[in-house]
Amino acid sequence: MDKLRNYDVSFSGLKNGKHEFKFEIDKTFFQLFDTEQEFTNPRIIVNVLLDKHTTFLEFEIKINGLVELVCDITNEDFDYPIENEIKILVNFGEEYDDSNEDVITIPTGDHAFNVAHLIYENVMLSIPMKKISPNINEEDLKILDQFSPKEIEEAEEEKEHESDPRWDALRKLRDNN
């Protein structure tokens, strides 16, 4: 049995028009993917709006919720809001093809479309590279700035711009020609 079957949106037997589906996402959802996450305690609601047409399907997937991140500066946990929306067009064809990010082709005989990977990818892409708590105070920023390697970088840049007299002599020869 497919472990992601709970996230199938079954469209066979539905009339043409709009239909709503709702999924509650927590840590068990992310455990299905066997990958390590940079967050803990996800509390996410996913609303899927399916607009069924005779020859294609339109999906609008709205993701809203919170995940717990660890601040890169203070090392404290904080809640980070996740909110985004995906619009996908699903066509029917010979075989599965997701090479186009806005249009997915599924085999003509399929009766359901699985939204688990779309949900997973969009939550993962919503996690920022730099995780900075909104509760960080001025004192923490001053300490961080104090130990920042800016002065070292500036000194190294100045050394790079100083010219070596051996190269200067070679440059003069090149410029004379």
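Everything here concerns the structure above.
Source: prediction; values computed, not measured.

Q: Mind showing me how you'd approach unusual backbone geometry here?
A: The general pattern is negative phi for most residues beyond glycine and trans for most peptide bonds. In this model, asparagine 41 sits at a positive phi of 50 degrees, which is unusual for a non-glycine residue. With respect to the helices and strands, the residue asparagine 41 is situated in strand 3 (residues 40–52). If you check the backbone angles, asparagine 75 has positive phi at about 65 degrees while not being a glycine. Within the secondary structure, asparagine 75 sits in the loop between strand 4 (56–70) and strand 5 (77–93).

Q: I'm lost on the pairing of strand 4 in this one. Help?
A: On any regular strand, side chains alternate: one points to one face of the sheet, the next to the other face. With 11 bridges connecting them, strand 3 and strand 4 associate as antiparallel partners. Looking across to strand 4, one finds that leucine 50 is bridged to phenylalanine 59. A loop of 3 residues connects strand 3 with strand 4, the two strands running antiparallel in sequence. Strand direction decides the pairing type here: strand 4 and strand 5, joined by 15 bridges, are antiparallel. Looking across to strand 5, one finds that glutamate 68 is bridged to aspartate 79. Taken together, strand 4 and the strand that follows it, strand 5, pair antiparallel across an intervening segment of 6 residues, in which asparagine 75 is found at a positive phi of about 65 degrees.

Q: Quick question: what am I supposed to make of the nonpolar core here?
A: Most often, soluble globular proteins have nonpolar side chains that are buried together. With 36 residues, the main nonpolar core has Phe59 and Ile61 as its most contacted residues. Elements that contribute at least two residues to this core include exactly strand 2 (17–25), helix 1 (27–31), strand 3, strand 4, strand 5, strand 6 (103–107) and helix 2 (116–126). The element contributing the most residues to this core is strand 4, with 6 residues. Not counting residues within four places of it along the chain, the set of residues in contact with phenylalanine 59 comprises Val9, Val48, Leu49, Leu50, Ile86, Lys87, Ile88, Val90 and Phe113.

Q: Which parts of the structure should I look at to understand the packing of aromatic side chains?
A: Geometry of an aromatic ring pair is reported as the spacing of the ring centres plus the angle between the planes. Under the definition given, this model contains 9 aromatic pairs. Residues phenylalanine 29 and phenylalanine 33 carry aromatic rings whose centres are separated by 5.3 Å and whose planes lie at 65 degrees to one another, so their mutual orientation is edge-to-face. Neither phenylalanine 29 nor phenylalanine 33 differs from the other in exposure class; each is buried. Among the aromatic residues, ring-to-ring pairing joins Tyr7, Phe23, Phe29, Phe30, Phe33, Phe39 and Tyr120 into one connected group.

Q: Just checking my understanding: could you explain the pattern of salt bridges for this structure?
A: Side chains that differ in charge, positive against negative, can pair when their charged atoms come close. Under the criterion given, the structure shown has 3 salt bridges. Two residues, glutamate 38 and lysine 131, come together in a salt bridge whose shortest N-O distance is 2.7 Å. Here glutamate 38 is found in the loop between helix 1 and strand 3, whereas its partner lysine 131 is found in the loop between helix 2 and helix 3 (138–146), with 93 residues between them in sequence. As a salt-bridge pair, glutamate 60 and lysine 62 come within 3.6 Å of each other at their nearest N and O atoms.

Q: What am I meant to see in the environment of lysine 131 here?
A: For lysine 131, a relative accessible area of 9% corresponds to the buried category. The spacing of lysine 131 and cysteine 71 is 60 residues in sequence and 5.1 Å in space, taken between C-alpha atoms. Apart from the residues lying within four places of it in its own chain, the contact partners of lysine 131 are Glu38, Leu69, Val70, Cys71, Asp72 and Phe78. In this structure the side chain of lysine 131 is engaged in a polar contact, spanning 2.7 Å, whose partner is the side chain of glutamate 38.

Q: Explain the sheet that holds strand 4 here, please?
A: Strands in a sheet are paired, the pairing made by backbone hydrogen bonds, and the direction either parallel or antiparallel. Read across the sheet, 5 strands follow the order 2-3-4-5-6 without closing on themselves; strand pairing throughout is mixed. Each edge of the open sheet is held by one strand with a lone partner, namely strand 2 and strand 6. Between one strand and the next, the sheet's axes are offset by a mean angle of 25 degrees, whatever the strand orientation. Sheet strands touched by helix 2: strand 2, strand 3, strand 4, strand 5 and strand 6. Its angle to strand 5, the strand with the most contacts, is close to 140 degrees.

Procedures and definitions
- Residues numbered from 1 in each chain as written.
- Predicted model: local features only at pLDDT ≥ 70, side-chain atom pairs only at ≥ 80, totals over all residues.
- Heavy atoms only, no water.
- Helix = DSSP H or I, 4+ residues; strand = E, 2+ residues; numbered from the N terminus.
- Pairing = 2+ DSSP bridges.
- Core = buried A, V, L, I, M, F, W, Y, C linked by side-chain atoms within 4.5 Å.
- Buried < 20%, exposed > 50% of the residue type's maximum accessible area, 1.4 Å probe, protein only.
- Contact = heavy atoms within 4.5 Å.
- Phe/Tyr/Trp six-rings, centres within 6.5 Å; stacked < 30°, edge-to-face > 60°.
- Salt bridge = Lys/Arg side-chain N within 4 Å of Asp/Glu carboxyl O.
- Polar contact = N/O pair within 3.5 Å; in protein donor to acceptor, adjacent residues only side chain to side chain.
- Axes fitted to C-alpha atoms, helices over the stretch in contact; angles between N-to-C directions.

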